[in-house]
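Reading the structure
Residue-level listing of the chains:
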There are 2 protein chains.
Amino acid sequence: MDTRETFLDKAAAIIGVDNVVRVAGEAGYKDPYPLNPGRDKWPGVRPGSVEEVQALVRLANQTRVALWTFSKGKNLGYGGPEPRDQSTVAMDLGRMDAIHEVDDKLCYAVVEPGVTFFDLFDYIQERDLKVWTSVPALGWGSVMGNLLDRGYGMTPMGDHVKALCGMEVVLPDGELVRTGMWAMEGTDLGPIFQGGFGPTLEGLFTQSNLGIVTKIGLWLMPWPDVYVSGDVTVEREEDLPQLIDILTELRRQDITQNNALCGNVVRAATMRGAKRDFYDGEGSIPDERLEEMRQEFGIGQWNARFAIYGDKGMAERRLEIIKERFAGMEGVEVNARFYEGSEGQAVAYEDIAEIDRTQMAGVPTLKPLSTVGWAAENGGHIDAAPIIPARGQEVYDFYQEAKQLYREYGFDLYIGYHLYPRHMVHVTMIFFELGNDEMLARARELYEKLLDAARRRGYAPYRSHVDYMDRIADGFDFNNNAARRLQEKLKDALDPNGIVSPGKQGIWPARLRSGESAQLPALIPAEV
Amino acid sequence: MDTRETFLDKAAAIIGVDNVVRVAGEAGYKDPYPLNPGRDKWPGVRPGSVEEVQALVRLANQTRVALWTFSKGKNLGYGGPEPRDQSTVAMDLGRMDAIHEVDDKLCYAVVEPGVTFFDLFDYIQERDLKVWTSVPALGWGSVMGNLLDRGYGMTPMGDHVKALCGMEVVLPDGELVRTGMWAMEGTDLGPIFQGGFGPTLEGLFTQSNLGIVTKIGLWLMPWPDVYVSGDVTVEREEDLPQLIDILTELRRQDITQNNALCGNVVRAATMRGAKRDFYDGEGSIPDERLEEMRQEFGIGQWNARFAIYGDKGMAERRLEIIKERFAGMEGVEVNARFYEGSEGQAVAYEDIAEIDRTQMAGVPTLKPLSTVGWAAENGGHIDAAPIIPARGQEVYDFYQEAKQLYREYGFDLYIGYHLYPRHMVHVTMIFFELGNDEMLARARELYEKLLDAARRRGYAPYRSHVDYMDRIADGFDFNNNAARRLQEKLKDALDPNGIVSPGKQGIWPARLRSGESAQLPALIPAEV
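Residues numbered from 1 in each chain as written. Chains lettered and ligands numbered in written order. Predicted model: local features only at pLDDT ≥ 70, side-chain atom pairs only at ≥ 80, totals over all residues. Heavy atoms only, no water.

Before going further, it helps to spend a moment on the interface of chain B and chain A. If you look at the interface, chain B gives 90 residues, while chain A gives 90 residues. Summing the contributions of chain B and of chain A, the shared interface buries around 7700 Å²; its carbon and sulfur component is 62%. Connecting chain B to chain A are twelve salt bridges. The salt bridge involving B:Asp173 is made with A:Lys489; its shortest N-O contact spans 3.2 Å. The tally of links from chain B across to chain A stands at 50 residue pairs in polar contact (both at pLDDT 80 or more). Elements that contribute at least two residues to the side of chain B that touches chain A include exactly strand E9 (176-178), helix H5 (240-252), helix H8 (312-327), strand E17 (387-389), helix H11 (469-474) and helix H12 (478-494) of chain B. Here the side of chain B that touches chain A takes eleven residues from H12(B), the largest share from any one element. Its residues assigned to classes, the side of chain B that touches chain A comprises 47 nonpolar, 20 polar and 23 charged. (Contact = heavy atoms within 4.5 Å. Buried area = accessible area lost by both parts, 1.4 Å probe. Salt bridge = Lys/Arg side-chain N within 4 Å of Asp/Glu carboxyl O. Polar contact = N/O pair within 3.5 Å; in protein donor to acceptor, adjacent residues only side chain to side chain. Helix = DSSP H or I, 4+ residues; strand = E, 2+ residues; numbered from the N terminus. Nonpolar A, V, L, I, M, F, W, Y, C, P; charged D, E, K, R; others polar.)

So, about the relation of the copies chain B and chain A. Superposing chain B onto chain A requires a rotation of 180° together with a translation of 0.0 Å along the rotation axis, leaving an RMSD of 0.0 Å. Read as a symmetry element, the transformation amounts to a two-fold axis. (Least-squares fit on C-alpha atoms with pLDDT ≥ 70 in both.)

To continue, consider unusual backbone geometry. Residues and elements named next belong to chain A. Not every positive phi belongs to a glycine, and Arg150 is a case in point at roughly 65°. With respect to the secondary-structure elements, Arg150 resides in the loop between helix H4 (143-148) and strand E8 (164-170). Assessed through its relative accessible area of 8%, Arg150 is described here as buried. Look at Ser501: it is not a glycine, yet its phi comes out positive at around 40°. Position of Ser501 among the secondary structure elements: in the segment after helix H12 (482-494). On the basis of relative accessible area, Ser501 is assigned to the buried category, the value being 1%. (Buried < 20%, exposed > 50% of the residue type's maximum accessible area, 1.4 Å probe, protein only.)

All right, on to the packing of aromatic side chains then. Considering all chains together, one arrives at 44 aromatic pairs over all chains under this definition. Consider the rings of A:Trp302 and A:Tyr417, whose centres lie 5.9 Å apart with planes at 20°: the pair is stacked. Residue A:Trp302 is found in strand E14 (residues 302-310), and its partner A:Tyr417 is found in strand E18 (residues 414-419); the two are separated by 115 residues along the sequence. Between the aromatic rings of B:Phe398 and B:Tyr459, the centroid separation amounts to 5.6 Å while the plane-to-plane angle is 85°, which identifies the pairing as edge-to-face. Highlighted residues: B:Phe398 in helix H9 (residues 392-408) and B:Tyr459 in the loop between helix H10 (437-456) and H11, separated in sequence by 61 residues. One exposure class covers both B:Phe398 and B:Tyr459, and it is buried. Among the aromatic residues, those joined into a cluster by ring pairs are A:Phe121, A:Trp132, A:Trp223, A:Tyr227, A:Tyr309, A:Tyr339 and A:Tyr349. For the cation-ring pair, A:Arg272 lies above A:Phe297, with the distance from its terminal atom to the ring centre recorded as 4.5 Å. (Phe/Tyr/Trp six-rings, centres within 6.5 Å; stacked < 30°, edge-to-face > 60°. Lys NZ or Arg CZ within 6 Å of the ring centre and 35° of its normal.)

Next up on the list: the environment of B:Tyr462. Within the fold, B:Tyr462 resides in the loop between H10 and H11. Taking C-alpha positions, B:Tyr462 is 15 Å from B:Asn259, a pair spaced 203 residues apart along the chain. Those residues in contact with B:Tyr462, other than ones at most four positions away along the chain, are A:Phe193, A:Gly196, B:Tyr78, B:Arg150, B:Gly151, B:Tyr152, B:Gln207, B:Ala385, B:Ile387 and B:Val425. Here the side chain of B:Tyr462 touches B:Arg463 through a polar contact of 3.1 Å, side chain to side chain.

Residue and element names in this part refer to chain B. Structurally, Asn19 can be placed in the loop between helix H1 (3-15) and strand E1 (20-21). You can call Asn19 buried: its relative accessible area is 10%. Leave out the neighbours within four places in its chain, and Asn19 touches Gly44, Val45, Arg46 and Arg95.

Spanning 16 residues, H8(B) covers 22 Å between terminal C-alpha atoms, matching the ideal 22 Å at 1.5 Å per step. What H8(B) keeps buried is the set B:Met314, B:Ala315, B:Arg317, B:Arg318, B:Leu319, B:Ile321, B:Ile322 and B:Phe326. Of the surrounding elements, those touching the buried residues of H8(B) are helix H8 (312-327) of chain A together with strand E12 (226-234), H5, strand E14 (302-310) and strand E15 (332-340) of chain B. Where H8(B) begins, the side chain of B:Asp311 points an oxygen toward the backbone nitrogen of B:Gly313, at a separation of 3.0 Å. (Expected span 1.5 Å × (residues − 1).)

Bringing the sheet that holds E1(B) into the picture now. All names here are of chain B. An order of E1-E2-E4-E3 is seen for the four strands of this open sheet, with the pairing classed as mixed. Across the chains shown, the open sheet's two edge strands, defined by having one partner strand only, are E1 and strand E3 (67-70). Pairing between E1 and strand E2 (residues 44-45): two bridges, direction antiparallel. Each bridged residue has a counterpart across the sheet, and for Val21 the counterpart in E2 is Gly44. Across the face of the sheet, helix H2 (residues 50-63) comes into contact with E2, E3 and strand E4 (89-92) while running at roughly 155° to E3. (Pairing = 2+ DSSP bridges. Axes fitted to C-alpha atoms, helices over the stretch in contact; angles between N-to-C directions.)

Shape descriptors only; they carry no functional weight alone.
Okay, structure coming up:
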């Protein structure tokens, strides 16, 4: 019997046999969009409480079986629940799904890992609480999991990790820690004040394998009086730099209040059908056809969306300023739909047209799932999302290099930029057919080329697919990768047996580290 | 020759004899407001570069002499440059004072430890750069030092630690690390994107003895079109809860844009003279006299200040809303001075009346220094500043307990509340006469009573005087002080010899830890 079997048998005594997932038939964990062929499904445990997480962590130390933790495993395009090392056991935290508190006066919540964006949204609506959530593209994932991986949404509180306020964490030795003000017994300040006493610990547990987070405090946004959903369309491809400079300046000046999303024609097409509906040639859709499609769709080469929230008078003035800023630009159109409540009430979701009940309004959805059928009915995707300074010309230069690479590999460059005050996330997606080995090989090669092109310019992705974590971490090369060496030192101090998510973000425990970290390490030794 | 002498001799070879500060005559470091009698002055070293910091850290490891680091040592009311352990050597980073970059398009700066708020402000004005800084009460301190201790200012970017974007740190073993995107060679993203790859490290080096920070990226605020300086005065003491609830709701809704400051009559009096100018009785000034003084000054029992920044039309609407919110309240007056530039230009500092070129406008000053003469010509102070949830009634309850304690100990309760969206900082000061042992003993006892009263309610200060760090850290008692035990584990991993700032924020290296951490440890062993 291998070590993992021993672990699973003993785990059953802790959490019950029904919460031990063994690979059989439909059961087992798997990346729904595997980039590499032949990966096995993979067993797991589903603790239902903090105490069970602690007990499983202690068991993992005893049996030297490593755990790969996730909340809902919906990290699509980044590996889903997929571990770095297939000899680990999944620790699926989805059963821990309590919403402990939502306070709509001071605007915060306390949630466990299994709470999804749908769950939190529904909880708030059912109780008529006066707060908005912020949600990522798909609403079925974990609020906490998304935040810990530094995902984002599109409301003014869309940079999710910045809304983190206090954590409860099971350390790799099974010890329970609360951070920030929560480190005091008998306080209300845990989810209220970001900061505590001494070195701040929360950051250690984001994109991390230094502990297993079991609860977080989360700030929410007060319900606005009015909501404005705005669009800017730009006809010509080469006007991107100006568009970015204007939008990011508006954001720096807090005229627009959320990170604008800027998409291209391919992105618009993925929402309207599959590639074959628009083009039946080989390789990438050519520019001429994209321009035709643009005109058929009645959109721009670039299509940005922004939103405004809050007081009506202020919202009106914001919109006026936005229109002024774009007034001098050719081939640009700014439109906005203004939503307010009836009879002086704050806007309600029923007041907002279906088309604008989106991410920017903090409404969870599964609509973007359909885009995955772009390349084939049985489709998947991987996301490449480097961070770039919010300087229009610099973004355009990288865009052109990316476009050239997509063309070379025969994919269509899907763009959904997110524009922040000082940086932008250059989100591009590669759509492929599941199980199509030739296409997958091309997708992987393109992905690697994109990573290399970004790194040459001093850019890196803000998060990573499990398969590329070492490669990206290698790029953080100041002083012989001093930052990773520090992260490894912390890893060794907190997790000497290396039982929590080995290899996450390129950080391996000592026993699995090699001089050449870019190689996948050997499997975990099987001694108990 | 003792170990410290050995260290200082060898240090001279690294940094030059002129940069070794030996205790003699005027030379040596000292808390300007010592709470305890009989403290010695204290020697130090003044490195001029990162390489010198590294060399001194290595020397400290070799000689087992611990360093107590600070940037400018202007942490007044918290001990200034004073160490926890007088057997350490000061590492004064004030000579490292380069401003590497200020970018007024993306709004950030890169500064070294010795850069003061005056320095940065002057640099920006001289070059006519279009950004505003945020400054604390006194402008002579280090921008970086204040941020690392989690100090704050009063502009929209007043929560200084949140403006931190990337760090360069000398670890206790002398290794140089850069965090976030700066961990890449050849990138511009260091001061642009908060976050990097894997666990976030910046928090570890705030209120910390885990490393010596030698450079930070810092976000700045874009220069506003208009600036509005506003006041709210409230006549009756018992209207504080409503005032706080209205102001913090305005802040949560982003109608006001900075953390409002709310002071009482004692605070106003400290700006107008010394205690003896207003009251010649024994003990605290009685309520009846405070009410008289209030009327003489023509102010409220509570006097709040807020500010508005940005576009003129939006600022006008903001002010309108603020006035509406207070319209229903009795004995309240809202006033605002509106500043704009001439001929459609953005407001310039010359357009702003002297009285409003304050912290709220990001202008550094030394004016508040004069308040230190309240209790005696030769005066000092200590600050007690617990964090409290931003709920008016809760604040008022604690205020009453604090007032009772001040009365009991014969001091005047100075209040300068800072109101944030979800929490408030209950800043109170105790003014004393330097060297007056009886008064100092009373001040210390009052301070401890205030700490205890706060802790009983689940509150803790956001930062600490060096003398009270253990006591406050003890209050973070969840799971047998699990957070501190984790911080200690990190300390042991990064600083096994315990040479960086032992005892800072209650975190001692293993060799100085006792079961009872509240006691001051023995001096550092003198073996080399």
